[in-house]
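Each chain is listed here by its residues.
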Amino acid sequence: MADHQEASVTLPSEPASVPTARRYVAEVLAGWGLDDGGDTADAIRLIVSELATNAVLHTFGQSPTFTVDVRLVREELLHVGVTDSHPRRPRRLPAAVQQDNGRGLVIIRSLAAEAGGRLSVTPTEEGGKTVAITLPWTAARVAI
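Residues numbered from 1 in each chain as written. Predicted model: local features only at pLDDT ≥ 70, side-chain atom pairs only at ≥ 80, totals over all residues. Heavy atoms only, no water.

A. Local environment of the environment of Glu6. Inspection of the secondary structure assignment puts Glu6 in strand 1 (residues 4-12). Assessed through its relative accessible area of 55%, Glu6 is described here as exposed. Along the chain, Glu6 and Arg71 lie 65 residues apart, while their C-alpha atoms are 4.2 Å from each other. Those residues in contact with Glu6, other than ones at most four positions away along the chain, are Trp32, Val70 and Arg71. At 2.8 Å, the side chain of Glu6 and the side chain of His4 are in polar contact. (Helix = DSSP H or I, 4+ residues; strand = E, 2+ residues; numbered from the N terminus. Buried < 20%, exposed > 50% of the residue type's maximum accessible area, 1.4 Å probe, protein only. Contact = heavy atoms within 4.5 Å. Polar contact = N/O pair within 3.5 Å; in protein donor to acceptor, adjacent residues only side chain to side chain.)

Printed below as a string of structure tokens:
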């Protein structure tokens, strides 16, 4: 395996793109050796779903597309990020007990932390942002 592998896809910023993003990442990671049926793959699919959903819902139509990037560095670090062109950084929304949304970042942060990883938000040169997780690949290969 090469020292650095990467893949990306740019999708329309619409709800139908969320499952496409999820499938794309699952296929890339399976190609890199991640067991598609394991808990780790499930967790990463959930993280991608939450990141893509946030890119669609919280950019208020001001980002016509979003890009999903997947990188594996030296078989040590897995990076999965979603970039959109909206400048507003994500923020934790108050989640009432009966509320169906507002928990995405909490879920992402929790799943990443369980695997020894982290969540980051980085501004882009074009004025948007990338919301990403970075995980140790050994954790991704074994289990979250």
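B. Highlighting helix 3 (residues 104-114). Buried within helix 3 are the following residues: Gly104, Leu105, Ile108, Leu111 and Ala112. On an axial view of helix 3, the arc spanned by its buried residues comes to 135 degrees, and they lie on one face. The inward-facing, buried residues of helix 3 contact helix 2 (39-57), strand 4 (118-123) and strand 5 (129-136). The positive-phi residue at the C-terminal boundary of helix 3 is Gly116, with phi of around 80 degrees. (Arc of directions from axis to C-beta.)

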